[in-house]
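The primary structure of each chain is shown beneath.
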Amino acid sequence: MKNTVFLFLLISVLITSCQQSINIANDGNSNYTIIIPQNASNTDSTAASYMSKYIGEMCGADIPVLQDSSAPGDYEICIGNTNRYNFSEEEFAPDGFAIKSLDDKLLIAGGDNKGTIYGVIELLERWGCRMFSPDEMFIPKYDELSLDPIDFYDSPANSLRIINGKMTADPEFVDWLRITIIPEVSPPGYYVHTFHRLIPREEFFDDHPEYYAWLGNKYSFDQPCPSNPDVKKLIIERLGLEIEKYPEYDIWSVSQNDNFTYCRCDKCEKIIQEEGSPAGPIIRLVNDVAAAFPDKTIATLAYQFSRTAPLKTKPADNVLVRLCTIELNRSRPIQYDSLSQSFVKDITDWGKICKNIYLWDYTINFNHSVSPFPNLHVLQPNLQFFYENNVRMQFPQSNLQTGHEFVELKAKMLSGLMWDPYLNIDSLKTDFFDHYYQDAAPFMKAYADRMENELISSGKILYIYDPPNNHSDGFLSVENVSVYNNLFDRAEAAVADLPEVLNRVRVSRLPLQYAMMEIGKNDMFGSRGWYDERDGSFILRQDMKETLEAFYHVCSANNISTLNERSLTPEIYYQSTLRFIDVKVEGNLAFRKPVIVSPPAAEKYAKGNPAILTDGVQGAHDFNVHWLGWWGEDAVITVDLEAMVNPEKIEIGTLWDGRSWILHPISVSCLVSKDDIEYIRLGTLSVSGDQQFEEVTRKFTFHQDIGEIQYVRFEITGAGALPGWHASEGEPAWFFVDEVTVF
């Protein structure tokens, strides 16, 4: 058999080497037709349309598409399993393909998913075509379009390759990346975090709290109890009804909700102890569900509390485990990172017991997606590591959206590496930079390389929620930012007469501008801040204001819709930054005055330092910067104005971020005193309604002729429990405050 295969390959090589180049078109004319099967699949028809379209754009030739019922011709490009050539003996993976030249015929066939599409795109890329985003391409122009003899087979290393994001709404861009999108493989609402759909709290919690997680002192509807037999019965019943609606889908998710809660009832606790992991009760439940639907694949998560593999129970053959890397450091390859060794053990353990592992990786900064995030150097070693640990389904969550940091490059790198983890990544990057940035390529590549090298040399960790300020003494140091800006200046100058490429450079500069502005917010009156202090006056730095205006202008011109996972829009960012830099210094009687808070604010936000309440800087949209927070508590804030004054207006600001459990306080009362003993209440302002739709910031303002005072006190009634619209209804809410002003 081996000799037969070798002889076949040898004959194929000899035949190919004797062939001459195929001349597809000359001077806008072509003798070729594109042939598809009479009953062509949508894939074959799409592949043919791409071939015809881009040959036309490259050389002006109009090549018709005909069915194979037409009379055979001498010059044909045959796409799919046409009657011109039978590929039936070839075995293709669903996305695999073959490209063959035989005399003056070109044959492209593939697997039953998108093989022929990928075969056509392989050829178009060999001819120099590039697609960078749904709106950006490079199409070379030829007087003569030809192809050297070819006999090429290819198929992907990973059977499922998904990248998400707004850009993937464009089906052609998805095809050029050779990826799949979530709606193609997942029924509506059943991709992940589905327990709340299968056991909705609205239907069952009041009458059957035992269906839900027991925390030792109460039931929580955050998760169901996976060991409860009634829960299993309900899930099977309800999932069966959903499968009847969408029988065409093969993969159905039965997976934990997106929180840290898990059941600790006696039965679940016993299983957890036996299995050595909270994944134990979930896998046992999912196995039973999978047994009820043997012709479907039941997917679940190994995520956060369930990431560790169970010791005894193996996932059934039709169970798919989505293993997640959310906690890991992104500055070093996972396999060699000392901080990631628990995950290395987990993926090894899952690989020993599970046939179907789907790796869910995270490749951008979720809180600050438009911010430098130099992780390009870990993408290949990580994808190789996953592949070598029996992973054949990949989802690097990247949220592809215009303006996000190096999004076009990362899309190309990730899609290429999912197809072939061992491709020459340096060549791919060079090709991208040269085509996308053209004459600006050397400067853009130098920018990316320096950031990467500076992160590595700093030894700092890189997390997917890092604010830029975490690296202000590392790869975003004063010196590095200066070098980066110089490189961008040179890049812009190099393509000044190429408006489209110049715009690409300016969009790519947004992350650096964002980092400069965010670092400045943490050093408002310092050397990297927004203000210069001169002779007791604070003067807004025009270069920082110009950076904000340029950032906003480029975002608007390119219809950039979000800056992070929480749908922060450029408009909200712009307006909140204007609020932030509208410092309350001149005439503010509370500026830099001492503050006492009771109880203490949460240490993890602004270090719990009360002084930020009178530093003249108003908090913006991000609760991590310049806000003090309290969780499930009321608070009293007292400011000593250090002199007797007669103010006209007293204010304090609050924040709303529902997804982060942050609501405006229920009420704020303002009291004043001359001696810090006897206080006069000026009034109480309340927030009504359930706060489902609220402005991001509020000001509680008190106007009154109050005479001379020295002390201002705010009595704040916390936000209470999260309301019914919230996914964690009933849990304590946070409230955040910032900037006391007295005028």
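The text that follows walks through the structure, step by step, so that each part is easy to find. (Residues numbered from 1 in each chain as written. Predicted model: local features only at pLDDT ≥ 70, side-chain atom pairs only at ≥ 80, totals over all residues. Heavy atoms only, no water.)

**Quick look at the overall build of the chain**
Heads up, the condition is: Numbered from the N terminus, helices here are DSSP runs of H or I no shorter than four residues, and strands are runs of E no shorter than two. Relative accessibility thresholds used throughout: buried, under 20% of the residue-type maximum; exposed, over 50%; partly exposed, between the two (1.4 Å probe, protein chains only). A contact between two residues is defined here by any heavy atoms of the two lying within 4.5 Å.
The secondary structure content of the chain amounts to 19 helices and 29 strands. Seen along its three principal axes, the alpha-carbon backbone of the chain occupies a region of about 100 × 70 × 45 Å. Across the 743 residues of the chain, 57% fall into the buried class. Across the chain, contacts joining residues at least 24 apart in sequence account for 73% of those joining residues at least 6 apart.

**Brief notes about the sheet that holds strand β4 (residues 76-79)**
Within a sheet, neighbouring strands are paired by backbone hydrogen bonds and run either parallel or antiparallel to one another. Keep this limit in mind: Here the rule is simple: two strands pair whenever DSSP picks up at least two bridges between them. Helix axes use the C-alpha atoms of the stretch in contact, all axes being lines fitted to C-alpha atoms, and the angles between their N-to-C directions lie in the range 0 to 180 degrees.
The six strands are arranged β3-β2-β4-β6-β5-β10 in an open sheet whose pairing can be described as mixed. Unpaired on one side and paired on the other, β3 (65-67) and β10 (151-154) mark the two borders of the sheet. Averaged over all neighbouring strand pairs, the angle between strand axes comes to 20 degrees, with direction disregarded. Here four bridges tie strand β5 (residues 97-102) to β10, and the two strands are oriented antiparallel to one another. Paired with Ala-98 across the bridge in β10 is Tyr-153.

**Observations concerning the nonpolar core**
The tendency in soluble globular proteins is for nonpolar side chains to be buried as a group. Under the convention used in this document: Buried Ala, Val, Leu, Ile, Met, Phe, Trp, Tyr and Cys residues form a nonpolar core when they are joined through side-chain atoms within 4.5 Å.
Ile-55 and Trp-350 are the most contacted members of the largest nonpolar core, which has 154 residues in total. Excluding its chain neighbours within four sequence positions, the residues that come into contact with Ile-55 are Ile-24, Gly-60, Ala-61, Ile-63, Ile-77, Trp-127 and Leu-145. Counting residues in each nonpolar core, the second largest holds 31 residues, with Ile-612, Val-645, Phe-735 and Val-737 among its members.

**Remarks on the packing of helix α15 (residues 441-458) against helix α16 (residues 478-494)**
Applied cut-off: We call two directions roughly parallel when the angle between them is under 35 degrees, roughly antiparallel when it is over 145, roughly perpendicular when it lies between 65 and 115, and oblique otherwise. Definitions for this section: a left-handed crossing has its near helix turned counterclockwise from the far helix by less than a right angle. A right-handed crossing has that turn clockwise. Each residue is assigned to one of three groups, with Ala, Val, Leu, Ile, Met, Phe, Trp, Tyr, Cys and Pro labelled nonpolar, Asp, Glu, Lys and Arg labelled charged, and all others, Gly among them, labelled polar.
Close contact between α15 and α16 brings their axes to 8 Å; oriented N to C, the two are set at 165 degrees. The angle between α15 and α16 places the two elements in the roughly antiparallel class. Between α15 and α16 the crossing geometry is left-handed. Contacts between α15 and α16 pair Phe-443, Met-444, Ala-446, Tyr-447, Arg-450, Met-451 and Glu-454 from the former with Glu-479, Asn-480, Val-483, Tyr-484, Leu-487, Phe-488, Arg-490, Ala-491 and Ala-494 from the latter. The class makeup of the residues in the contact of α15 with α16 is eleven nonpolar, one polar and four charged.

**So, the sheet that holds strand β15 (residues 297-302)**
The six strands are arranged β11-β18-β17-β16-β15-β14 in an open sheet whose pairing can be described as parallel. Edge positions in the sheet fall to β11 (160-161) and β14 (251-253), since each has one partner strand and no second. As judged from the five bridges shared by β15 and strand β16 (residues 319-324), these two strands associate in the parallel manner. What sits directly across from Leu-301, in β16, is Arg-322. Packed onto the sheet, helix α10 (residues 279-292) meets β15 and β16 and runs at close to 170 degrees relative to β15.

**A closer look at the pairing of strand β29 (residues 734-742)**
Taking burial as the measure, the nine residues of β29 include nine buried ones, the bulk of the element. The pairing of strand β22 (residues 628-631) with β29 spans four bridges and is classified as antiparallel. Bridge pairing links Trp-630 to Phe-735 in β29.

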